[in-house]
Amino acid sequence: MGWYARYVLPKLLASAMRQKDLVPFRSRIGRAATGRVLELGIGPALNLPFYGPDVTAVIGIEPSRAFLDMAAEGARGAAFPCRLLAARGDALPIDSGSIDTVVTTWTLCTVPDAAAVLAEVRRVLRPGGKLLFAEHGRSPEPSVRRWQDRLNPVWLHLAGGCNINRPMPALIEQAGFSVSDLSTGYVGRPKVATFMFSGVGTPR
Ligand SMILES: C[S@@+](CC[C@H](N)C(=O)[O-])C[C@H]1O[C@@H](n2cnc3c(N)ncnc32)[C@H](O)[C@@H]1O
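1. Topic: the sheet that holds strand E3 (residues 82-85)
Now for step 1: One open sheet accounts for seven strands, arranged E3-E2-E1-E4-E5-E7-E6; its pairing is mixed. Each edge of the open sheet is held by one strand with a lone partner, namely E3 and strand E6 (177-186). Neighbour-to-neighbour, the strand axes of this sheet turn through a mean angle of 15 degrees, independent of strand direction.
Now for step 2: In this sheet, strand E4 (residues 99-105) lies alongside strand E1 (residues 35-40) in parallel orientation, the contact comprising three bridges.

2. Points about the site of the ligand
Now for step 1: For the ligand, the set of nearby residues contains 19 residues, the closest of which are Met17, Gly41, Gly43, Gly89 and Thr105.
Now for step 2: Here the residues of the shell around the ligand are counted per class, giving ten nonpolar, seven polar and two charged.

3. Digging into the pairing of E6
As a general feature of sheets, a regular strand has side chains that alternate between the two faces.
Now for step 1: Among the ten residues of E6, one are classified as buried, and the element is accordingly described as predominantly exposed.
Now for step 2: Both E6 and strand E7 (residues 195-203) contribute to a ladder of eight bridges, which runs antiparallel. Counterpart to glycine 185 in the pairing with E7 is methionine 196.

4. Let's talk about helix H4 (residues 114-124)
Along an α-helix, residues three or four positions apart point the same way, because every turn accommodates 3.6 residues.
Now for step 1: Restricting attention to buried positions, one finds in H4 the residues Ala114, Val117, Leu118, Glu120 and Val121. Down the axis of H4, the buried side of the element spans an arc of 155 degrees, and every buried residue falls inside it.
Now for step 2: Buried residues belonging to H4 abut E1, E4, strand E5 (125-136) and helix H6 (168-174).

5. Structural notes on the nonpolar core
Now for step 1: Residues Leu38 and Val102 are the most contacted members of the largest nonpolar core, which totals 44 residues.
Now for step 2: Ranked by residues supplied to this core, first place goes to E5 with five residues.
Now for step 3: Each residue touching leucine 38, except ones within four places of it in the same chain, is listed here: Ile59, Ile61, Ile94, Ile99, Val102 and Val124.

6. A short note on the pairing of E3
Now for step 1: Side chains Cys82 and Leu84 project from E3 onto a buried face, and the interleaved Arg83 and Leu85 project onto a face without burial.
Now for step 2: Judged from the four bridges that link them, strand E2 (residues 55-61) and E3 form a sheet pairing that is parallel. Across the sheet, valine 58 pairs through a bridge with cysteine 82, a residue of E3.

7. Here we look at the packing of helix H1 (residues 3-17) against helix H3 (residues 65-75)
Now for step 1: One way to put it is that H1 packs onto H3 with a least axis distance of 9 Å and a crossing angle of 45 degrees. In terms of axis orientation, H1 runs oblique to H3. Note on packing geometry: the crossing formed by H1 with H3 is right-handed. Contacts between H1 and H3 involve Arg6, Tyr7, Pro10 and Ala14 on the former and, on the latter, Ala66, Phe67 and Met70.
Now for step 2: Class assignment for the residues of the contact of H1 with H3 results in six nonpolar, no polar and one charged.

8. Observations regarding the environment of valine 187
Now for step 1: One can find valine 187 in the loop between E6 and E7.
Now for step 2: The exposure class of valine 187 is partly exposed, given the 15 C-beta atoms found within 10 Å.
Now for step 3: Separated by 97 residues in sequence, valine 187 and aspartate 90 place their C-alpha atoms 28 Å apart.
Now for step 4: Contact partners of valine 187, with chain neighbours within four places excluded, come to Asp21, Thr194 and Met196.

9. Overview of unusual backbone geometry
Now for step 1: Of note, the bond from arginine 189 into proline 190 is cis; its omega dihedral lies within 30 degrees of zero at -5 degrees.
Now for step 2: Its place among the elements puts proline 190 in the loop between E6 and E7.
Now for step 3: One non-glycine residue with positive phi stands out, namely alanine 45, at about 65 degrees.
Now for step 4: Mapping alanine 45 onto the fold places it in the loop between E1 and E2.
Now for step 5: Assessed through the 24 C-beta atoms surrounding it within 10 Å, alanine 45 is described here as buried.
Now for step 6: One non-glycine residue, tryptophan 106, adopts positive backbone phi at about 55 degrees.
Now for step 7: Within the secondary structure layout, tryptophan 106 lies in the loop between E4 and H4.
Now for step 8: For tryptophan 106, a count of 20 C-beta atoms within 10 Å translates into the label buried.

Cut-offs used in this document
- Residues numbered from 1 in each chain as written.
- Predicted model: local features only at pLDDT ≥ 70, side-chain atom pairs only at ≥ 80, totals over all residues.
- Pairing = 2+ DSSP bridges.
- Helix = DSSP H or I, 4+ residues; strand = E, 2+ residues; numbered from the N terminus.
- Axes fitted to C-alpha atoms, helices over the stretch in contact; angles between N-to-C directions.
- Near = placed C-beta within 6 Å.
- Nonpolar A, V, L, I, M, F, W, Y, C, P; charged D, E, K, R; others polar.
- Buried ≥ 20, exposed ≤ 12 C-beta atoms within 10 Å, placed from the backbone.
- Arc of directions from axis to C-beta.
- Contact = placed C-beta atoms within 7 Å.
- Core = buried A, V, L, I, M, F, W, Y, C linked by C-beta atoms within 7 Å.
- Parallel < 35°, antiparallel > 145°, perpendicular 65-115°, else oblique.
- Left-handed = near helix turned anticlockwise from the far one by under 90°.

Put into structure tokens, the structure is as follows:
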């Protein structure tokens, strides 16, 4: 991994993830999360302040060392036990059926194989557990979609593996979840990277 990807990119991404427009998504997910929570690609741990008293523990998995260091800073003083693990979403070091809530906020765009990650999410969720998601992805507007497909190879390269054209709810449904409480819409600009999907996935 090069110097840009290891040191510069995590700082740029962390700053982008701090934007105010994303706070309502984090807040909604934080209020809905319960019990033992697993966060995929916890990054700089920006969701932690939003978890309520129904959360008993958070496990954050994160493959990037730079983000793990930022997450450790963010986890300091959390009101619940918080464990950070160097791991990838497609190989979760977590027992099957042991998690009440999985949270993914702007991580499914970046994982190389979203289907493999979602299969792991299904495995670790207990029966009746929930996947809470806020992700950006494929726009419903054909003209924007065309640009998303054109730009994706370049974007992917510059933005640390982030894909702008993934059909998030469809991917989640194909992985065996029912999607409910789905909200969609653009949040900010540019349109190619800001069509948001947030909602709840329940294993079928
Ligand atoms: C755009 S950042 C979002 C960070 C955080 N979820 C948030 O809401 O601020 C994408 C995150 O996905 C992580 N990531 C990349 N590949 C991953 C993988 N294979 N499994 C899990 N996380 C991954 C990145 O290291 C980064 O922390």
